Amino acid sequence: QIYTFCPCDKVTLGMYTLGKFNKFIDDGNGMSFTKGDRADCDANHKVRRTAKVYFVCASENGIISASEPDMCSFRITFGTPIACTAGAVAAQQKQTEKVLRYYESQRGQS
């Protein structure tokens, strides 16, 4: 099944709504979604699905990982350039330069 994330709207998994936007969390680095579908969460269909989406620095928008740590409670990691702070970008650039230097040094040894 495919997860879909519509910022400030809803999160779905296949035909199920995991939640509708409730509020920003984690100092604005995530979103909370509540009042999702009830089916299959408990015997009386009273528990509703919920989801929390956390943003991480990435070059493109997209879901990086998704899990269900508790029944009907989902955690999604969403990569986006918007989450890249100056510090995160500098750290990624240093790591990229380090990898490039390594490959250049290996090329010289061949």
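Whatever comes next refers back to the structure up there.
In this report, the structure presented in the accompanying data block is examined. Source: prediction; values computed, not measured.

1. Considering the side chain of Thr 80
Residue position: Thr 80 is located in strand 7 (residues 73-80). Those residues within four positions of Thr 80 in sequence are excluded, and the remaining contacts are Phe 55, Val 56, Cys 57, Ala 58, Glu 60 and Asn 61.

2. Regarding a nonpolar patch on the surface
On the surface, Val 99, Tyr 102 and Tyr 103 cluster together into a nonpolar patch covering about 320 Å² of accessible area. Looking at the element boundaries, Tyr 103 is found in helix 1 (residues 86-109).

3. Concerning the sheet that holds strand 4 (residues 30-35)
Taken together, 7 strands build an open sheet; the order of strands is 1-2-3-4-5-7-6 and the sheet is mixed. Two strands in the sheet have a free side with no partner beyond their single neighbour: strand 1 (3-6) and strand 6 (62-70). On average, each strand axis in the sheet is inclined to that of its neighbour by 25 degrees, with strand direction left out of account. Pairing of strand 3 (residues 16-25) with strand 4 involves 6 bridges; the strand directions are antiparallel. Counted as the bridge partner of Phe 21 is Phe 33 from strand 4.

4. Topic: the side chain of Ser 32
You can see Ser 32 is positioned in strand 4. For Ser 32, a relative accessible area of 7% gives the class buried. Ignoring anything within four residues of it in the chain, the contact list for Ser 32 reads Lys 20, Phe 21, Asn 22, Lys 23, Ile 25 and Ala 51.

5. So, the layout of surface pockets
Space left empty within the atom packing is revealed by a probe, the size of a water molecule, rolled over the atoms. Taken as a whole, the largest pocket spans an internal volume of roughly 200 Å³. Lining the largest pocket, in full, are Phe 5, Pro 7, Gly 28, Asn 29, Met 31, Phe 55, Asn 61, Phe 78, Thr 80, Ile 82, Ala 83 and Thr 85. Taken together, the residues that form the lining of the largest pocket break down as 7 nonpolar, 5 polar and no charged.

Conventions we followed
- Residues numbered from 1 in each chain as written.
- Predicted model: local features only at pLDDT ≥ 70, side-chain atom pairs only at ≥ 80, totals over all residues.
- Heavy atoms only, no water.
- Helix = DSSP H or I, 4+ residues; strand = E, 2+ residues; numbered from the N terminus.
- Contact = heavy atoms within 4.5 Å.
- Patch = residues over 30% accessible without salt bridge, like charges linked within 9 Å, V, L, I, M, F, W, Y side chains within 5 Å.
- Areas by Shrake-Rupley, 256 points an atom, 1.4 Å probe, with all protein chains shown as cover.
- Salt bridge = Lys/Arg side-chain N within 4 Å of Asp/Glu carboxyl O.
- Pairing = 2+ DSSP bridges.
- Axes fitted to C-alpha atoms, helices over the stretch in contact; angles between N-to-C directions.
- Buried < 20%, exposed > 50% of the residue type's maximum accessible area, 1.4 Å probe, protein only.
- 1 Å grid on protein atoms, 1.4 Å probe; cavity = no way out; pocket = protein on both sides within 12 Å on 5 of 7 lines; lining within 4 Å.
- Points joined across faces, edges and corners; volume = space filled by probe spheres on them.
- Nonpolar A, V, L, I, M, F, W, Y, C, P; charged D, E, K, R; others polar.

Geometric values such as these leave the question of function open.
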